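Inside the fold
In case you want the letters, here they are:
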Amino acid sequence: MLNNNEVQGTVPIGALVKTSLVDFPKKVSSALFLYGCNLRCPYCYNKDLVTGSFADFDAVSFDDVISHLQKRKNVISGFVISGGEPCISPYLKPLIAQAHELGYAVKLDTNGTFPDKLSGLLSDKSLCPDFIAIDVKTSLDKYQLLGCNAVENIEKSIKIISELPTERREFRTVLVPPLVDMDNIKKIAALLPEDASWQLANFKPGNCLDESYNKIIPYTQSQTEKLVNSAKTIIKGANLR
Ligand code: SF4
C-alpha cells in the first residue's frame, strides 16, 4: 500500500473522527488529525497531538485510516486531513492519493508555514486538495509569538490559497485576546482576498498548550461582535463560527 521508505502502515499517525458534519463545508466527512506540529501556538487546543501524547487519544495507523475510508466510501464523501500540521507528515501525500483513488474529496487544514509544499500538492492532479483551509492566526508582526520566524511563508501561503476558486478555500482566525485585537483584525483582513470565506471563532481557554493562556478571559459577546463586524466591513464573507 505504501512505497515510501519514510512511512509504515501500522504505526500510530494521529486521531480519526469517523464522521463529522462540521469539518468539511457542505460534506459529511471523516477527519484525520495527524500527529506533530512545527508551531507552538500558546492557545493550541490540540496539545496531545502537538506533543505526541498518544496515551491521551485513540491513535490510528495509516492502514486503519485507509481501511476506514474503504468501508465508508458509499456514505461519506469528504476526507479532512488536519493536525497538528499535516505538511510535516510523510503520510500526507499517500493519504491524499489513496483518498482520491477511493473517490473522496480531500480537504487540507494547514497553518500556512509550508508554501512550497502547498504549491507542490496543487500542481499534482492526484495530490491536489479539493479544499484548503488556512489558519491566519494573527497579523504578521505577531507570528513570532507562535514560534514562527518565517512570516514570509505565511504571506506566500495566503497568496497561493487566495488563487484557488472561492468555493475551494477558507481562512480561519481564533479570537485570542493577546493575539487578535481590532488592529490585528484590520491587518489580517488586508492580507485576504476580498471574496474570502473568513471564519472567526471564539477563544476557549481550558486545555491550552501554554497553561498561562487558560487564565486569559475570552472576549465578551459584545467585544466579539465588534471584532466580527469590523472584519465584515473589509471582508464580506467574515463570519463568527
Ligand atoms: S494551533 Fe495548530 S499550528 Fe498552532 S500549535 Fe496547535 S496544531 Fe500547531
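Fair warning: this is a prediction, and the values are worked out from it, not measured in the lab.

1. So, the packing of helix 6 (residues 182–191) against helix 7 (residues 221–234)
- Running from N to C, helix 6 and helix 7 point in directions that differ by 25 degrees, and their axes come no closer than 10 Å. As judged from the angle between their axes, helix 6 and helix 7 are roughly parallel. Here helix 6 runs over helix 7; the crossing is right-handed. Residues Met182, Ile185, Lys186 and Ala189 of helix 6 pack against Leu227, Ser230, Ala231 and Ile234 of helix 7.
- Residue composition of the contact of helix 6 with helix 7, by class: 6 nonpolar, 1 polar and 1 charged.

2. Topic: the environment of Val176
- Structurally, Val176 can be placed in the loop between strand 7 (169–175) and helix 6.
- Since 25 C-beta atoms lie within 10 Å of it, Val176 is described here as buried.
- Once residues within four sequence positions are removed from consideration, Val176 is found in contact with Tyr43 and Phe203.

3. Here we look at the site of the ligand
- Around the ligand sit Cys37, Leu39, Arg40, Cys41, Cys44, Asn46, Val50, Gly83, Gly84, Glu85 and Asn111, and that is every residue in its neighbourhood.
- A breakdown of the residues in the shell around the ligand according to their chemical character gives 5 nonpolar, 4 polar and 2 charged.

4. Some points on helix 2 (residues 62–72)
- Looking only at helix 2, the buried set comprises Phe62, Val65 and Leu69. On an axial view of helix 2, the arc spanned by its buried residues comes to 65 degrees, and they lie on one face. Of the exposed residues in helix 2, those oriented more than 90 degrees away from the buried face are Gln70 and Lys71.
- Where the residues of helix 2 are buried, they touch strand 1 (12–20), strand 2 (29–34), strand 3 (59–61), strand 4 (78–82) and helix 3 (92–101).

5. As for the sheet that holds strand 6 (residues 131–135)
- Spatial strand order, 3-1-2-4-5-6-7-8-9: 9 strands in an open sheet with mixed pairing. Two strands lie at the open edges of the sheet, namely strand 3 and strand 9 (238–240), each paired on one side alone. Neighbour-to-neighbour, the strand axes of the sheet open up by a mean angle of 30 degrees, direction not taken into account.
- In terms of strand pairing, strand 5 (residues 105–110) meets strand 6 through 4 bridges, oriented parallel. Residue Lys107 lies in a different strand from strand 6, and its bridge partner there is Phe131.
- Packing of helix 3 onto the sheet brings it into contact with strand 4 and strand 5, and relative to strand 4 it is tilted by some 175 degrees.
- Against the sheet, helix 7 contacts strand 7, strand 8 (198–202) and strand 9, and its axis sits at roughly 160 degrees relative to strand 9.

6. A short note on the nonpolar core
- Tyr43, Ile81, Leu192, Trp198 and Ala231 are the most contacted members of the largest nonpolar core, which totals 63 residues.
- When neighbours within four sequence positions are excluded, Tyr43 is seen to be in contact with Val174, Val176, Phe203, Cys208 and Tyr213.

7. Let's talk about helix 3
- By the burial criterion, the buried members of helix 3 are Leu92, Pro94, Leu95, Ile96, Gln98 and Ala99.
- Lining the buried residues of helix 3 we find helix 2, strand 4 and strand 5.
- Positive phi appears at Gly103, one or two residues downstream of helix 3, with a value of about 95 degrees.

8. Overview of unusual backbone geometry
- Each neighbour pair has its own omega, and for Gly83 with Gly84 the value is 10 degrees, a cis peptide bond.
- Inspection of the secondary structure assignment puts Gly84 in the loop between strand 4 and helix 3.
- Backbone geometry places Lys26, a non-glycine residue, at a positive phi of 65 degrees.
- Tracing the chain through its elements places Lys26 in the loop between strand 1 and strand 2.
- Look at Lys26 and you get exposed, because 10 C-beta atoms sit within 10 Å.

What counts and how
Residues numbered from 1 in each chain as written. Predicted model: local features only at pLDDT ≥ 70, side-chain atom pairs only at ≥ 80, totals over all residues. Axes fitted to C-alpha atoms, helices over the stretch in contact; angles between N-to-C directions. Helix = DSSP H or I, 4+ residues; strand = E, 2+ residues; numbered from the N terminus. Parallel < 35°, antiparallel > 145°, perpendicular 65-115°, else oblique. Left-handed = near helix turned anticlockwise from the far one by under 90°. Contact = placed C-beta atoms within 7 Å. Nonpolar A, V, L, I, M, F, W, Y, C, P; charged D, E, K, R; others polar. Buried ≥ 20, exposed ≤ 12 C-beta atoms within 10 Å, placed from the backbone. Near = placed C-beta within 6 Å. Arc of directions from axis to C-beta. Pairing = 2+ DSSP bridges. Core = buried A, V, L, I, M, F, W, Y, C linked by C-beta atoms within 7 Å.

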